[in-house]
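# Summary of the model geometry
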Amino acid sequence: MRLAELSERSGVAIATIKYYLREGLLPPGRRVSATTADYDEGHLRRLRLVRAMIQVGQVPVARVRQVLAHVDDESLGRTMRLGAALWALPHEPEQADGKGAGGADGDGEDEVMTAARAEVDQLLRTLGWSTARELGELSPVHRSLVAAVATLTRLGYPWDAALMAPYARLMHQVAVRDLDFVETFPSEAEKAETAVAATILFQPVLKALHRLAQEEESARRYGLE
């Protein structure tokens, strides 16, 4: 398809597509003349992914470029390719400072973080999630979880491994469904693209379903009065 058709099918303005091409977020089309190029379904799929990251995920352009570099890295196996792409996405703050909500300064802060790391490690041991334990602090997701547990503790809601385990098991079921969906796509690049898109697009759905479930369970337990 030509650029105008790519714009029409994607709903993205031609000027924006040209910007993505200049920034390396979209691969060049097949050149057919000095001023004309052809684009295919891969360009359309990539364009939708870029829009999802920028519009829904609020991911900066520089970070989008970094994520896509991992998506396109054919030297990586599937696990490393998916992991690197997802790690490159923005994460929740990984480190709370001493002036965070309810936090203490100095040694008290360190003690809370140390305790939070211990609870997360115990959780991973309980679940048998050996890869997550092995990666540990290398993973931005692991660091985010530790920071979140520490923040909850400072606010007076200590979440230990026993409290987190049932939630983690439910999330593992979600992860199974996620990867079942990813595996329906034929190429490794499509699988990596879909994993990134799903992470960005499905999380608002999961959050909304969680809150709807809370509303429903509250009504069942306590009535509507």
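It should be noted that the structure appears before, not after, this text.
Heads up: these notes are all about the structure in this document. Counting restarts for each chain, with residues numbered from 1 along the sequence as it is written. pLDDT decides what is reported in this predicted model: residues at 70 or higher carry local features, side-chain atom pairs at 80 or more are listed and counted, and totals for whole chains, interfaces and linings draw on all residues regardless. Processing note: side-chain calculations cover all non-hydrogen atoms of the structure and skip hydrogens and water entirely.

This brings us to the overall build of the chain. What the chain contains, in helices and strands, is 10 helices and two strands. Secondary structure elements in the chain, listed N-terminal to C-terminal, are α-α-β-β-α-α-α-α-α-α-α-α. Overall, the chain is about 65 × 45 × 35 Å in size when its C-alpha atoms are taken along their principal axes. Looking at the chain alone, contacts between residues at least 24 apart form 60% of all its contacts between residues at least 6 apart. In the structure as shown, the chain presents an accessible area of about 14,100 Å², 56% of it carried by carbon and sulfur atoms. The average position of the 27 basic charges and that of the 32 acidic charges among the side chains of the chain differ by 6 Å. Only DSSP runs of H or I with at least four residues qualify as helices, and only runs of E with at least two residues qualify as strands; both kinds are numbered from the N terminus onward. Here, two residues are considered to be in contact whenever any of their heavy atoms come within 4.5 Å of each other. In these tables, accessible area is a Shrake-Rupley quantity obtained with a 1.4 Å probe, and a residue counts as shielded only by the protein chains included in the view. For the charge count, each Lys or Arg is scored as positive and each Asp or Glu as negative, with His and the chain ends excluded. We put the charge of a Lys on NZ, of an Arg on CZ, of an Asp on CG and of a Glu on CD.

Glancing now at the pattern of salt bridges. Each reported salt bridge corresponds to a side-chain nitrogen of Lys or Arg within 4 Å of a carboxyl oxygen of Asp or Glu. Counted under the stated rule, the structure contains 14 salt bridges. For Asp38, the salt bridge identified is with Arg30, shortest N-O distance 2.9 Å. Across the salt bridge formed by Glu217 and Arg221, the nearest N and O atoms sit 2.6 Å from each other. You can see Glu217 and its partner Arg221 sitting in helix 10 (residues 188-222), four residues apart, about one turn around the helix. Note on classification: 1.4 Å probe, protein chains only; a residue is buried when its accessible area is under 20% of the maximum for its type, exposed when over 50%, partly exposed between these limits. Looking at Glu217, the relative accessible area reads 34%, which means it is partly exposed. Accessibility expressed as a relative area gives 59% for Arg221, which makes it exposed. Via salt bridges that share partners, Arg45, Arg46, Asp72, Glu190 and Glu193 belong to a single interconnected network.

To define a nonpolar core, start from buried Ala, Val, Leu, Ile, Met, Phe, Trp, Tyr and Cys residues and group those joined through side-chain atoms within 4.5 Å. In this structure, Leu6, Met53, Val67 and Val196 are the most contacted members of the largest nonpolar core, which totals 30 residues. For this core, the secondary structure elements donating two or more residues are helix 1 (3-10), helix 2 (14-22), helix 3 (41-56), helix 4 (61-71), helix 5 (78-88) and helix 10. For Val67, the contacting residues outside a window of four places in its chain are Met53, Ala85, Ala88, Leu89 and Val196.

What follows deals with helix 10. Under the convention used throughout, the expected extent of a helix is 1.5 Å for every residue step, that is, one less than its residue count. If you check helix 10, its first and last C-alpha atoms are 49 Å apart, about what 35 residues at 1.5 Å a residue would give, namely 51 Å. Residues of helix 10 that are buried include every one of Glu190, Lys191, Ala192, Glu193, Thr194, Ala195, Val196, Ala197, Ala198 and Ile200, and no others. Elements in contact with the buried residues of helix 10: helix 3, helix 4, helix 5 and helix 9 (161-182).

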